[in-house]
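Coordinate inspection notes
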Amino acid sequence: RAQGSANPDDLSAVQAEVFTLQEIESQHNDLDAEIRAASEEKAGLDGERKTLEVEGRSLRDRLERLQAVADTVTCPLCGQPLDEEHRHLLIEQLDAEIQARRDDYAANQGRARQLADQIKEGRATVAAMEIDLKRLPPLLERVGSLQAQLDQAHEAAARRDTTKGFTKTSAP
C-alpha cells in the first residue's frame, strides 16, 4: 500500500463517524422543532395570563363595588333592584369566578415555567449538538476523498491485472 492511499478500514471508520453525526443531526432537527413548538405554546400561555389578569381585575372591581353597597336597594353593576340575598349571591358568584381565574392563572403559570425550563434545557442540548455537527462537513469531504482514493486504487489494480493477463496470453 502506498503512502497516502486509503484503505477500506479508514473509510469505514470515517463513514461510521459520519453516520453517528447524521443521527445527531436528525435529533438536533427534532429537538429544534420541539423547542419551537414549546416556545409557541409558552407565548400563547403568556397571552392567556394577560387576559386572565384583565378579567380578574374586572371581576375584583365588580366584587368591591358590590361589597361597598351594603345598604342600597339598587345594584351598582346593572342599576336593577337588589335585595341583600341577591347581593350575597352575586358576591359568592364573583368570588367563585375570581377563584377560578386564579386557579387558571396558577395552572397556566406552572405550565409556562415547565416550558421555559424545557426550552432552556433544549437550547443547551442543541448548542452542544451544534459543536459536534461542525465536524460533519469535513468528514463528508474526507469520505469523498477516501472513496476516490479507493476507487483509483481498485481501477489501478484492475488495469494491472488486465495488463498481466494480456502479457501472459501474448507471450509465446
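Here, every reference points to the structure presented above.
The notes below deal with the structure included here. For every chain, the first residue of the written sequence is number 1, and numbering continues from 1 onward in sequence order. At least 70 in pLDDT is required for a residue's local features to be given in this predicted model, at least 80 for side-chain atom pairs to be given and counted, and no such filter applies to totals for whole chains, interfaces and linings, which use all residues. Side-chain numbers here rest on the full set of heavy atoms in the structure, without hydrogens or water.

Quick word on the pattern of salt bridges
The term salt bridge refers to a side-chain nitrogen of Lys or Arg lying within 4 Å of a carboxyl oxygen of Asp or Glu. The final tally for this structure, using the stated rule, is ten salt bridges. For Asp46, the salt bridge is made with Arg49, and the minimal N-O distance between the two is 2.7 Å. One end of the pair is Asp46 and the other is Arg49, both in helix α1 (residues 8-68) and three residues apart, which spans about a single turn. Ionic pairing is found between Arg87 and Glu84, a salt bridge with its closest N-O pair at 2.9 Å. Of this pair, Arg87 and Glu84 both sit in helix α2 (residues 84-133), separated by three residues, roughly a single helical turn. Given the relative accessible area of 7%, Arg87 is considered buried. Helix numbering and strand numbering both begin at the N terminus, where a helix is a DSSP run of H or I of at least 4 residues and a strand a DSSP run of E of at least 2. Burial here depends on accessible area, computed with a 1.4 Å probe over protein chains only, as a share of the maximum for the residue type. Under 20% is buried, over 50% is exposed, and the range in between is partly exposed.

Some remarks on the side chain of Asn7
Its place among the elements puts Asn7 in the segment before α1. Classification of Asn7 by relative accessible area gives buried; the value is 18%. Between N or O atoms, a polar contact is any pair within 3.5 Å; within protein, one atom must be a potential hydrogen donor and the other a potential acceptor, and residues adjacent in sequence are included only when both atoms are from side chains. Side-chain polar atoms of Asn7 contact the backbone nitrogen of Asp10, separated by 2.8 Å.

Structural notes on the nonpolar core
Core analysis: the largest hydrophobic core is formed by 13 residues, its most contacted members being Val14 and Val18. Among the elements of the structure, α1, α2 and α3 (136-170) are those that each provide at least two residues to this core. Contacts are assigned to residue pairs with any non-hydrogen atoms lying within 4.5 Å of each other. Residues within four places of Val18 in sequence aside, it is in contact with Leu136, Leu139, Leu140 and Val143. By nonpolar core we mean a set of buried residues, namely Ala, Val, Leu, Ile, Met, Phe, Trp, Tyr and Cys, connected to one another through side-chain atoms within 4.5 Å.

All quantities given are derived from atomic positions and should not be read as evidence of function.
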